[in-house]
Amino acid sequence: YIGTVSLNPGFNLIKLDSSGNVLFDVSNASALNQSFTSMRLKNNLIVMTSYAYNGSQVSVAAFDTSGTFLWSSLFAGRGGMDVEIDDNSNSYILTQQSNQVGPATQSDIQIFKFNSAGTLLNQYNYDFGGSHEVGTRMTLVNNKISIIGWSIQSGNAYMDWITFQIDLNGTKLWDA
């Protein structure tokens, strides 16, 4: 499976066989996009993410493995940096959210959780005290999600790496 963004607003999903022949090439324009960022396949669910509206929104689209469009969502955030899918076909979308604090805009790492029908179940915010925090990748193993990102400390003097782990309810288990 190959996920792309189409020339018009929307996502494309392409399925190739083992010889490289195209089995289907489907698209859906209900989700805006600008720059494809991530894709996951688990069970019968394929979830793709993108930036939208010049990077101020996250765009998500879900298909099943036969190419049928299932759902899409568009919400505030700085692109869908990564996506994971749990055993119940819930999707976890990693992004960052700007928070206006004083004269400077600050951002925190966020994860949005959707069920298999595309209903937003919850959103989780993680603030590590920096002036600008960005999640870059995550991995779901044994019902725990491990996230890596970075933070610019107040005053922009230096950058720290952030690693942390959460359970599927968004509870932070540890950070370093």
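These notes cover the structure that comes with them.

What counts and what doesn't
Residues numbered from 1 in each chain as written. Predicted model: local features only at pLDDT ≥ 70, side-chain atom pairs only at ≥ 80, totals over all residues. Heavy atoms only, no water. Helix = DSSP H or I, 4+ residues; strand = E, 2+ residues; numbered from the N terminus. Polar contact = N/O pair within 3.5 Å; in protein donor to acceptor, adjacent residues only side chain to side chain. Phe/Tyr/Trp six-rings, centres within 6.5 Å; stacked < 30°, edge-to-face > 60°. Buried < 20%, exposed > 50% of the residue type's maximum accessible area, 1.4 Å probe, protein only.

1. What about the environment of D17?
Looking at where D17 falls in the secondary structure, it is placed in the loop between β2 (11–16) and β3 (22–28). With 16 residues separating them in the primary sequence, D17 and Y1 have C-alpha atoms 9.0 Å apart. Only 2.9 Å separates the side chain of D17 from the backbone nitrogen of S19, close enough to count as a polar contact.

2. Observations concerning the packing of aromatic side chains
The geometry of an aromatic ring pair is captured by two quantities: the separation of the ring centres and the angle between the planes. Under the defined criterion, the tally for this structure stands at seven aromatic pairs. Aromatic side chains F75 and F114 sit 5.7 Å apart centroid to centroid with 40° between the ring planes, which places their arrangement in the tilted category. You can see F75 sitting in strand β7 (residues 69–76) and its partner F114 sitting in strand β10 (residues 104–114), a full 39 residues away along the chain. Classification of F114 by relative accessible area gives buried; the value is 2%. Aromatic ring contacts, followed pair by pair, group W71, F75, F112 and F114 into a single cluster.

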